[in-house]
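Examination of the molecular architecture
If you want the building blocks of each chain, they are given just below.
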Amino acid sequence: MADVVSQSLQYLTGDNARAMAAYLKSLPESAPHSRGVAPELSDEVDRQFRRGGEIYETYCQDCHGSLGQGAPGAYE
Ligand code: HEC
């Protein structure tokens with residue numbers, strides 16, 4: 001996480017941050033084993049949503065899991 005913060009997240013553009021936020025907010029709070037079902041999206045939001053998903057999968061998924069579920073206890 002330190003690398004993520006010091007090497008990459010601080011350089012994130014506003015667009016990419018919004019894209020990641022849109023993607024993460026679309027994930028279900030419960031039902032960790034099913035994919036989130038996105039509501040009807042405008043083309044622009046849809047584009048951001050896809051970009052956010054790509055960024056998350058590339059930079060965050062390894063540690064936080066495909067649905068943001070994390071790994072409880074991993075660092076205790
Ligand atoms: C190398 C592993 C790793 C990667 C890659 C990673 N994280 Fe993390 N992240 C962690 C760990 C470990 C914590 C602390 C978890 C804890 O508090 O138990 C954390 C915590 C967080 C938190 C705070 C969660 C909370 O409940 O306070 C956020 C938000 C977060 N990460 C976002 C991201 C995002 C966005 C990315 C991708 C850009 C990312 N992380 C990539 C390991 C990682």
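Let us look at the structure shown here. Every chain's residues receive numbers from 1 upward, in the order its sequence appears when written. Local features are withheld for residues below a pLDDT of 70 in this predicted model, meaning they are given only at 70 or higher, and side-chain atom pairs are given and counted only at 80 or more; totals for whole chains, interfaces and linings count all residues. Values shown for side chains rest on all heavy atoms present in the structure; no hydrogens or waters enter the calculation.

Looking at the nonpolar core
The nonpolar side chains of a soluble globular protein tend to be buried with one another. Worth spelling out the cut-off: Definition of nonpolar core: a set of buried residues of the types Ala, Val, Leu, Ile, Met, Phe, Trp, Tyr and Cys, connected through side-chain atoms within 4.5 Å. For every residue, the accessible area (1.4 Å probe, protein chains only) is compared with the maximum for its type, and the residue is labelled buried under 20%, exposed over 50%, or partly exposed between those bounds. Each helix is a run of H or I in the DSSP string that is no shorter than four residues. Each strand is a run of E no shorter than two, and both are numbered from the N terminus. By definition, residues are in contact when any of their heavy atoms lie within 4.5 Å.
One finds Met 20, Tyr 23, Leu 27, Ile 55, Tyr 56, Cys 60 and Leu 67 forming the largest nonpolar core, which totals seven residues. Of all the secondary-structure elements, those providing two or more residues to this core are helix H2 (14-26) and helix H3 (43-59). Sequence-distant contacts of Cys 60, that is, excluding residues within four places in its chain, are made with Met 20, Ile 55 and Gly 65.

Overview of the environment of Asn 16
With respect to the helices and strands, Asn 16 occurs in helix H2. Spatially, the C-alpha atom of Asn 16 lies 7.8 Å from that of Gln 48, the residues being 32 residues apart in sequence. In this structure, Asn 16 is in contact with Arg 51 and Ile 55, ignoring residues within four places of it in sequence.

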